[in-house]
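The residues making up each chain are set out below.
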Amino acid sequence: MVRVIAGLGLGACLLLLPAFSAAQVYTCTDKNGKFIIADRLLKECANRPVKELDKRGMPVRDIAAPMSEAERKQQEIEDNKRSQMQAKEEDRQRQDQALMARYKSEQEIDMARKKEIAQIEQRIAESDAATLQAEKQLHAAQNETGQFKQGNVPDTLQKRIKDAQFLIDEQKKLATANRREKAQINARYAETLQKFRDITSENAK
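*Asks:* What am I meant to see in the overall build of the protein chain here?
*Replies:* Looking only at helices and strands, one finds 4 helices and 5 strands in the protein chain. Counting over 205 residues, the protein chain shows a buried share of 22%. Long-range pairs, those at least 24 residues apart, make up 55% of the contacts in the protein chain between residues at least 6 apart in sequence. For the protein chain, the accessible area works out to roughly 14,800 Å², and carbon and sulfur atoms hold 52% of it.

*Asks:* How should I be thinking about the packing of helix α3 (residues 106-144) against helix α4 (residues 155-204) in this particular structure?
*Replies:* To characterise two packed helices, one gives the angle between the axes of the helices and the distance between these axes. Between α3 and α4, whose axes approach to 8 Å, the crossing angle comes to 165°. Accordingly, the angle class assigned to the pair α3 and α4 is roughly antiparallel. The way α3 lies across α4 gives a crossing that is left-handed. Taken together, the residues that form the contact of α3 with α4 break down as 20 nonpolar, 9 polar and 15 charged.

*Asks:* Could you clarify how one ought to interpret the side chain of Ser127 in this entry?
*Replies:* Within the element layout of this structure, Ser127 appears in helix α3. The contact partners of Ser127, leaving out residues within four places of it in the chain, are Gln171, Leu174, Ala175 and Asn178.

*Asks:* Looking at this structure, I do not really get the pairing of strand β5 (residues 59-63). What am I missing?
*Replies:* Each regular strand shows side chains that alternate between the opposite faces of the sheet. As paired strands, strand β4 (residues 50-54) and β5 are joined by 4 bridges and run antiparallel to one another. Within β5, the residue paired with Leu53 across the bridge is Pro59.

*Asks:* Got a minute to help me understand the pattern of salt bridges in this structure?
*Replies:* For side chains of opposite charge, pairing can occur when their charged atoms come near one another. Using the criterion set out here, one finds 20 salt bridges in the structure. The salt bridge involving Arg61 is made with Glu52; its shortest N-O contact spans 2.3 Å. Here Arg61 falls in the partly exposed class, since its relative accessible area comes to 46%. Of the charged contacts, one joins Arg72 and Glu69 as a salt bridge, the two residues approaching to 2.4 Å between their closest N and O atoms. Of this pair, Arg72 and Glu69 both sit in helix α2 (residues 69-102), 3 residues apart, which is roughly one turn of that helix. Looking at Glu69, the relative accessible area reads 44%, which means it is partly exposed.

*Asks:* Honestly, the side chain of Thr27 in this entry has me stumped. Any pointers?
*Replies:* With respect to the helices and strands, Thr27 occurs in strand β2 (residues 24-29). Residue class for Thr27 comes out buried when judged on its relative accessible area of 4%. Excluding anything up to four places from it in sequence, Thr27 contacts Phe35, Ile36, Ile37, Pro49, Val50, Lys51 and Leu53.

Each value, and the rule that gives it
- Residues numbered from 1 in each chain as written.
- Predicted model: local features only at pLDDT ≥ 70, side-chain atom pairs only at ≥ 80, totals over all residues.
- Heavy atoms only, no water.
- Helix = DSSP H or I, 4+ residues; strand = E, 2+ residues; numbered from the N terminus.
- Buried < 20%, exposed > 50% of the residue type's maximum accessible area, 1.4 Å probe, protein only.
- Contact = heavy atoms within 4.5 Å.
- Areas by Shrake-Rupley, 256 points an atom, 1.4 Å probe, with all protein chains shown as cover.
- Axes fitted to C-alpha atoms, helices over the stretch in contact; angles between N-to-C directions.
- Parallel < 35°, antiparallel > 145°, perpendicular 65-115°, else oblique.
- Left-handed = near helix turned anticlockwise from the far one by under 90°.
- Nonpolar A, V, L, I, M, F, W, Y, C, P; charged D, E, K, R; others polar.
- Pairing = 2+ DSSP bridges.
- Salt bridge = Lys/Arg side-chain N within 4 Å of Asp/Glu carboxyl O.

See the structure below:
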């Protein structure tokens, strides 16, 4: 049974429900403003919000109108944002769990930092020592050039000078890179320590 009603409020329309024998009744307002009561979903309600009522007129559920193409795209964007935020949060939680599993105290974090720093400082010291040795070789070779007239320096001596200068340049680059890495290690462990403190403080609440 279908009733199409215009100009009546919902309360008045519900007085008609006893005429329906179906267990559920569907109501909607069509595009022309007509209120429709039916024992099944009608095409007039296809793109409209629908209320499902029981025989007593009590709401069972609301059936939302289908989204437009623009609404669907916006919904996809919002869903993607929520998924990305959820994935980011889950990743953060995994990182926090890994951190707490790796370190049991602030002292362990500091010990790990000192161990890595010691290795870097050893490499820096080796580069500095190699640079100093190459500089000595360069100065010695340059001093030998004084024995020869300009333009008559032997190729072997010129090669020694060139090789020594190349070694100096490379070792200085290496030392600079290691010093940069040292700073990054200290920054990383400072961040780890702060995160450890934050997690410990949160767990203590």
